[in-house]
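Given next are the chains, with one letter for each unit.
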Amino acid sequence: MSTGIPIDAYLDDLRTRQATARQGRQPSATAHPAGELTLPAHVARWAGLRPGRPALVTAEETLTYRELDDRAARLAGWLAAHGVRPGDRVGVFLPNGARFVVALLAVLGAVHVPVNPMFRAAELRHELRDAGPEVIVTRDALLPVLDEVRHETPVRTVLADADWSAATAHPRHEPVADDLDALAALNYTGGTTGLPKGCEHTQRHMVYTATAIDNGRMPDAAERGRGIVSVCYLPVFWIAGENLGILAPLVSGGTSILLTRWDAAEVLRAIETHGASTMAGTVENYLELLDHPDLARRDLSTLTAPLTVSFIRKLTPALRARWKAAVGPRSILREASYGMTETHTSDTNTLGFQDGDHDLLSDPVFCGLPVPGTDFMVVDFATGTPLPLGERGEIVVRGPSVLTRYWNAPEATASALRDGWLHTGDIGVLDEEGALHYLGRDKDMIKVKGMSVFPTEVETLLAHHPDVVAAAVVAVPDTTSGERPYAFVRTAAGSPLTGDELREWAAATMATYKVPAVVEVVGELPLTPTGKIRKTELTARASRTRPAP
């Protein structure tokens, strides 16, 4: 990485600023009191220390640490008896539930390949052919789509409903896998730039991430003794769901309350019943909880770390104040963290920046400080030169959870991993405290007569209009300026606001070059299965309907 600023001096200054900013807000180190253990070893440790504590709660069953450890070890024995060895990939093609968690623990020692249970044939075919698992753990309901493509893949053995009981009654496999640095998982990217790629992750990556999440809570002594009690309805095949629904609670000795899908009434019940300390959801999820008739009857006082992700609607000071008034003063709603599949996500911590809504009144989206042990830089996209604080450039990251490489993709690996740094393709800025702000993907940035327009910034400005519920901004070609923003907005029910009226309002609110060429009011925004806006679909739609220049 070429640079005019010595990287060591740049990082020393940045770390000093971050250490100062952490004081009184966040812990200064990431360490687990039990030392460096694999995920199954952590579960086995808690099975010895807290054998009767619920490790996993689902609609179908509750498993204590003793039961979870035993069931996973027995399934690991079944896998070994069916020829699975270290380095072999095993597909886990399951929805949220106890089977997914048991399978993940059992597979480690080999290579866990989580497969989206919403896949159709073409998507499933690609992932199974790319990862090459010979064994698949699934449910009967998913067999039709698997059968459709199985003859085109290496799959030779399928474990479904009929054989599950026998597989989890098999003699235990001993000892627990203890290699922290062996390939442990292929987590596939979302495929926003071409076909999804498998990110190679190790158990060291997993456990570091889980420990950083646990250390980053700063709870009181009693709460730390309980571990993380997490309500998770995010899909656990997705790496954010894996972190919050499996890794963080199990490594900390807490409890995972794993739901199959979003259900506001069930989430409220689960928080109160199990004394949940954290959950992560979209802004829309929290608004639905606030409007739910059961809210006033539920005690949510244990929920000290409610996290949100501003995929569509943005977290605002007004929403935070409303949540605090409804739930209690210790429940401060905040953004979750910056991260991506390549970094095992959960790379930053926003804790402690909520006084005076400091985190919400700066450039969107405030991501906080890197978790201890992880470094960020913002560099020039072309040269890789570190940029001064406050300047916008590419976010690069290195740390103990960054992928080893892309599976069977040396060119993509060489492009993304350079001199130990992962080049994310994301645009960001570091502020005077060393906190990271995310501005969008480089490929999404709009150039208007050479001026950079960040879609997230325009989306946030549009959302300041009282009738705007959500906004998504994409680029369309323009013969005069090169590109122009094109905005899709969803308005509040019953609002008479038109696109032309909103565009006129925007012209008085933001710089001229940022004003969308068109504002189109829509009923819904297209979403991915993980709740992100499908901007490629909106770009195609905008290109078809943009006005003539």
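Predicted, not measured: the structure shown is a model, and the values here were computed from it.

Draft legend 1. View of the packing of helix α3 (residues 65-81) against helix α4 (residues 98-107). α4 packs onto α3 with a crossing angle of 60 degrees between their chain directions and a minimal axis gap of 8 Å. If you check the angle between α3 and α4, you find them oblique. As for how α3 packs across α4, the hand of that crossing is right-handed. Where α3 approaches α4, its residues Leu68, Arg71, Ala72, Leu75, Ala76 and Leu79 are matched on the opposing element by Val101, Val102, Ala103, Leu105, Ala106 and Val107. A per-class count over the contact of α3 with α4 returns eleven nonpolar, no polar and one charged.

Draft legend 2. Inspection of the packing of helix α12 (residues 283-291) against helix α13 (residues 317-327) at higher detail. Where α12 meets α13, the closest approach of the two axes is 11 Å, and the angle between their N-to-C directions is 40 degrees. Judged by the angle between their axes, α12 and α13 are oblique. Between α12 and α13 lies a crossing whose hand is left-handed. Listed contacts from α13 to Val283, Tyr286, Leu287, Leu289, Leu290 and Asp291 of α12 are Leu319, Arg322, Trp323 and Ala326. Residues of the contact of α12 with α13, tallied by class, amount to eight nonpolar, no polar and two charged.

Draft legend 3. Summary view of the side chain of Arg334. With respect to the helices and strands, the residue Arg334 is situated in strand β13 (residues 334-335). Engagement of the side chain of Arg334 in a polar contact is seen with the side chain of Asn349, the distance being 3.4 Å. Polar contacts involving the side chain of Arg334 include one to the side chain of Thr350, which spans 3.1 Å. Setting aside residues no more than four positions away along its own chain, Arg334 makes contact with Ala305, Pro306, Leu307, Thr308, Leu315, Arg320, Asn349, Thr350, Leu351 and Gln354.

Draft legend 4. Structural detail: the nonpolar core. Judged by nonpolar contacts, the single largest core of 84 residues is most densely connected at Leu68, Leu75, Val231, Leu250, Val267, Met279 and Leu289. By residue number, the principal contributor to this core is α4, which donates nine residues. Excluding anything up to four places from it in sequence, Val231 contacts Ile257, Leu259, Val267, Ala270, Ile271, Ala276, Thr278, Met279 and Ala280. Counting 24 residues, the second-largest nonpolar core is a separate cluster that includes Val396, Val397, Leu430 and Leu436.

Scoring rules and cut-offs
Residues numbered from 1 in each chain as written. Predicted model: local features only at pLDDT ≥ 70, side-chain atom pairs only at ≥ 80, totals over all residues. Heavy atoms only, no water. Axes fitted to C-alpha atoms, helices over the stretch in contact; angles between N-to-C directions. Helix = DSSP H or I, 4+ residues; strand = E, 2+ residues; numbered from the N terminus. Parallel < 35°, antiparallel > 145°, perpendicular 65-115°, else oblique. Left-handed = near helix turned anticlockwise from the far one by under 90°. Contact = heavy atoms within 4.5 Å. Nonpolar A, V, L, I, M, F, W, Y, C, P; charged D, E, K, R; others polar. Polar contact = N/O pair within 3.5 Å; in protein donor to acceptor, adjacent residues only side chain to side chain. Core = buried A, V, L, I, M, F, W, Y, C linked by side-chain atoms within 4.5 Å. Buried < 20%, exposed > 50% of the residue type's maximum accessible area, 1.4 Å probe, protein only.

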